[in-house]
Structures are given as C-alpha cells and as structure tokens.
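These are the residues of each chain, in order.
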Amino acid sequence: MTQQDIHPDPTRTSPGENAPEPPAHQWFGSREQSAAPTTGIPVQTPEQSPEQAPAQTGQASPTQAPEAPESNRTFPSYGLGTPDANQQRTDWYGTPATGGNGGYGSYPPPSPTPTPAPKAKPNRGLGQMTAVAILAAALASGGTYAATRYATPAPSSSPVATTQSNGSTSPQVIQGNASAPDWTATAKAVAPSVVSIAVTSGQTGGQGSGVIIDNQGHILTNNHVATGAGADATISVTLNDGRTYDAKIVGTDPSTDLAVLLLNNPPSDLVPMSIGDSSQVVVGQPVMAIGNPLGLSGTVTTGIVSALDRPVTTQAAESPQGQQGQLPGTQQQQTASDSVVTNAIQTSAAINPGNSGGALVTADGKLIGINSSIASLGSSAGSQSGNIGIGFAIPVNEAKSIADQLIATGTAQHAYIGVSAGDTTVTDGNSKRQAALVQSVSQGTPAAQAGLQAQDAVIAIDGKPIDSSEALVANIHEHKVGDTVTITVIRGSQKQDIKVTLAARPG
C-alpha cells in the first residue's frame, strides 16, 4: 500500500476539462407489498375479545341477567353448521363446544339448568384497600416517569465563541450529547473557516483546500497545493460564501508539506478556525473532514480516528513541469531527499483529491489536523481510485508550530538528533520486537552529546513505540527545537532510557 497526496491533476488544460463526470444515480424506489392472505380465522376486535367475554364456569357474572329458557333464546349465526347427533356444536376453531354459559365462540348446552345467584364476597379490609391504592399510585407514577423520560428531547447543541492565542475569535460547538454528535451544528460552525484554493499557470493548474487561521487573512494549507503549478502560478482563494480573493505565498515547508498563504485585501469578517490540541486526540474519537474534493467546495464527511502516530511517507519530487508534489496522473522521479515523513492521524472520514490542506475537526468544531494524503492500492489496482477509507492528516500541533514560523520569518526550523538509522528486530525479554537501529551518530549532534551509540535499537520515544526508522524520523519531526525527549533503547541485552535535547537541523 502506498500513500498519495490528495489534490487534482495539474495536467488538465483548464479548470473544468478534467472534472469527473457526475456519478450516475440509480433510483431505489420502495416496493409495494401485497396484503396478507386471508386465513378465514375471525379477527378479534377490541369490542369482542377473550378477556372481555364471560368465563366458562357455569355461573353468571354479577351483572349478567338471568338466562331465558332455551326455547326463548336465539343463537348468533356463525356459519358453523347444525348440531350433531350428540347435540354438540362446533366452535370457531372446529373443536367441540364444552358446556358453559355462552362462552366465547361456543353455543350453550341444549338443556341449561338454573344457576344460583353468586355469593357475596366479603368486603376488603381497610389495609387491603390502602395497599391497592398505594400500588396503583406507584404504577401510575412509574408510567408518568417513563413517559416523561422518553418524551424529553435530547439536549441541543449550541455554538459559542472562543478567543485564540493570536487574539482571533473563533466558533466552537458545545455538543448536547457527546455520544451522538450533532454534525449539522459542527458543519455550520466550521464551514466559514474552510476555503477552496485554485492554483493556475498557463493551461495547467489544480485545486485544493485551506483553513483560515487568523483575522489577517492567513490560510494554512499543504505545500503541494500552494506550489502545485510552479513558482509563477496565480493563486485564488474562494470563501465559503462564494467571495474570491487573490492570494500570495507567505512561506512553504516541503519537509512537512505545509504552506501559508495570505489574502490580498482580506475582508474584515473572516472567521478563523478554532485550534484544538492533537495530543489529546484518542483512537475511536468521531471526527469530520471538510474541504474541496474534486472541486466540490464545502464538502463534509464524518468518521473516526482510526490510528495515531502513523508514520506516513509521501513524495514531493520534481514533476516534468517542475512542479512540487506527487500529482495524480503524472510520472515523477522520486528521491529519498524529497520524502515527507509525517507522524499522522489516520482517519476513516472520506477524503479525496482536492481535500489536501482542508480541516479535520472534532465534534466541537476544533481543528486537530490538516488533511494531506490518502492510501492507495498501487498502480496494479488503480492508484487513482480515490478514497478507500484510509486518510491521513498532519497533527495540528505540528502544523500550528510550522505555520507560526512561516508567518514570522517565511521559513521553519526542524528538530533533529543527528543519527542515521535503519530497520531491525531485537530481543526484548522473552519476546522480539521491531525497532529503529542506529547505524551511525554524527559528531557534535544532540545524539552524540546524549550518549547514543551505533547499534543502539530505539524502541520508544517518550513512551510511544518506535518500530522502524521511518517512525523515528516522524516522531522527531513532531517535536519542536529545544524539546527534551526520552529515548528508550536496547543496547546489547539491556534496556535503558537516554534523554536528548533536540537542536535545529543545519541548513
């Protein structure tokens, strides 16, 4: 399985020529069901039910008038035939009627005998009557409670305004029911903060997404979106309400695939996105992706966080037109130096080409990631098949750190430890595990100063498992310059922790 960046094909000759045809729609009408066949068995109605009929005890009920002699009585006609030789009649279900005083569905015996009047029942005591009354009141109260409980509507979600660290006011959603998010409220809150980006150069171009991060008009997006049509490309940004503005690049960072744009003459009513904390995200958490897939602006999809700290490598090599980014449909020469390694958030929310640079948000409307790439099945299975349920986003903590640096200086520094590493398998106690094997340590680097050695097998950083050299690089990229991390290694047969203070990568 490989990863591909999610943005459109820049080889199209105009913004609309390579747009996918709208999918054919199949009408799924409802099927008519035939009425149930008639069985011939009479249907009991509320007016005549077995519970309401007198019991077949041979006694009249207290309120029943004395029966007349058979000669003076008439029998209802049920179409059941005439009495047989033994003066038996047949009830509704074909069984012989067994004596009784006009039981439900049967005829009375041919020679009824007088029935004595029912004996009077002794009066209930006061205690019995009180118990019955209390029981009835309790049952009534319980029914009222149940009706009230299930009739009460679920708490509604409500938007609130929050102030960001940069002074911007951003929308947020307080969900009434965290276990069943109101995605309508979330979409309404975050949609004004997500934009569509069009990058064109001559007859080529592409589209992507971006996120408004402040009131000054700065847009956070992917590097492969901002630079997808070359250095001299024209960039336009369309807001959620349809207004379009020209934009310029403030700074790019190919190693993290992030970039910041700035609107020319931005409006005063921009709505920045509320920034969340990606370190608090958990697997299984519901999330929403919003962006401009395939040119369909304002598209939202929902899913969950499928995995965290997923090492993902994408390529940002030069295309034949000199463009950055692995663009669908182009042949590119890829080199290791062009690799972008991300400790990504994996999500099941559907993202497709054009979602690049868009937002991955929580149910309360907070940005936790910048959607950047999707997994593909490879060329043999159709690498341009789009979403297969595995998408990746750059954690917002890393993205925000890079964006702040790009806005301040136009460039970004990156933390490093100063080792080269490969993949290995080591023995850890009674089991084996995969790890990143330190192959060499450069002099004067944070790794050398901390005492890391060649042949050390790195198995964790700050308690997070490291199972490959790619995971080692992705984890270090996630940290800031000056952070101190605890690297767990297996040296020989001994496990030990080594603290390393990260420095800025030269150049």
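Residues numbered from 1 in each chain as written. Predicted model: local features only at pLDDT ≥ 70, side-chain atom pairs only at ≥ 80, totals over all residues. Heavy atoms only, no water.

A few words on the overall build of the chain. On a plain count of helices and strands, the chain comes out with six helices and 24 strands. For the chain, buried positions account for 40% of its 507 residues. Considering only contacts in the chain between residues 6 or more positions apart, those separated by 24 or more positions represent 64%. Taken as a whole, the chain presents about 27,400 Å² of accessible surface, with 52% of it coming from carbon and sulfur. (Helix = DSSP H or I, 4+ residues; strand = E, 2+ residues; numbered from the N terminus. Buried < 20%, exposed > 50% of the residue type's maximum accessible area, 1.4 Å probe, protein only. Contact = heavy atoms within 4.5 Å. Areas by Shrake-Rupley, 256 points an atom, 1.4 Å probe, with all protein chains shown as cover.)

The biggest cluster of nonpolar side chains holds 23 residues, and the ones touching the most others in it are V211, L220, M273, A359, V361 and L367. For this core, the secondary structure elements donating two or more residues are α2 (183-190), β9 (258-263), β11 (286-291), β14 (359-362), β15 (366-376) and α4 (396-409). For this core, the element with the most residues is α4, which contributes five residues. Other than its neighbours up to four places away in sequence, V211 contacts S193, H218, I219, L220, M273, G357, G358, A359, L367 and I370. (Core = buried A, V, L, I, M, F, W, Y, C linked by side-chain atoms within 4.5 Å.)

Between the first and last C-alpha of α4 there are 20 Å, a value that for 14 residues agrees with the 20 Å anticipated at 1.5 Å per step. Turning to α4, its buried residues number three or more, namely V396, E398, A399, S401, I402, A403 and L406. Just beyond α4, the residue with positive phi is G410, at close to 85 degrees. (Expected span 1.5 Å × (residues − 1).)

By the element assignment, L270 lies in the loop between β9 and β10 (274-275). Sequence separation between L270 and Q216 is 54 residues; the distance between their C-alpha atoms is 8.2 Å. Setting aside its immediate chain neighbours within four residues, L270 contacts I212, D214, N215, G217, L239 and L263.

On inspection of all chains with the given rule, the structure shows eight salt bridges. Two residues, R243 and D269, come together in a salt bridge whose shortest N-O distance is 3.1 Å. Of this pair, R243 sits in the loop between β7 (234-238) and β8 (244-253) while D269 sits in the loop between β9 and β10; the two residues are 26 residues apart in sequence, bridging distant segments of the chain. In this structure D269 comes out as partly exposed when scored by relative accessible area, which is 44%. (Salt bridge = Lys/Arg side-chain N within 4 Å of Asp/Glu carboxyl O.)

A separate point is helix α6 (residues 469-477). Burial within α6 is extensive, with seven of its nine residues counted as buried. Taken together, the buried positions of α6 are occupied by S469, A471, L472, A474, N475, I476 and H477.

Taken in spatial order, the six strands line up as β4-β5-β6-β9-β8-β7 and close into a barrel, and their pairing is antiparallel. Averaged over all pairs of adjacent strands, the angle between their axes in this sheet comes to 40 degrees, without regard to strand direction. Where strand β4 (residues 194-201) meets β7, five bridges bridge the pair, whose relative direction is antiparallel. Across the sheet, the residue bridging to S196 is T238, located in β7. Here α4 sits on the sheet and contacts β6 (218-221), β8 and β9; the angle it forms with β9, its principal contact strand, is near 50 degrees. (Pairing = 2+ DSSP bridges. Axes fitted to C-alpha atoms, helices over the stretch in contact; angles between N-to-C directions.)

The next subject is unusual backbone geometry. Positive phi outside glycine occurs at N265, with the angle close to 50 degrees. Mapping N265 onto the fold places it in the loop between β9 and β10. By relative accessible area, which is 70% here, N265 ends up exposed. The phi angle at L294 is positive, at roughly 55 degrees, despite the residue not being glycine. Here L294 shows up in the loop between β11 and β12 (299-315).

Turning to the confidence of the model for the chain, a few remarks are in order. Counting all residues, the mean pLDDT for the chain is 73, and 61% of those residues have values of 70 or more. The element-level mean pLDDT for the chain is lowest in helix α1 (residues 126-151), coming to 42, with β6 highest at 98. Between residues 317-337, whose pLDDT stays under 50, and residues either more than four places distant or in other chains, the model counts 52 contacts. (pLDDT = per-residue confidence, 0-100.)

This next bit is on the pairing of strand β5 (residues 204-212). For β5, the tally of buried residues reaches seven of nine residues, placing the bulk of the element in the interior. Bridge count for β4 against β5 is eight bridges, and the pairing is antiparallel. Looking across to β5, one finds that S201 is bridged to T204. Counting the residues between successive antiparallel strands, the hairpin from β4 to β5 contains two residues, one of them, G202, with a positive phi of roughly 65 degrees. Pairing between β5 and β6: two bridges, direction antiparallel. Counted as the bridge partner of I212 is I219 from β6. Hairpin connection between β5 and β6: a loop of five residues separates the two successive antiparallel strands, and G217 in this loop has a positive phi of roughly 100 degrees.

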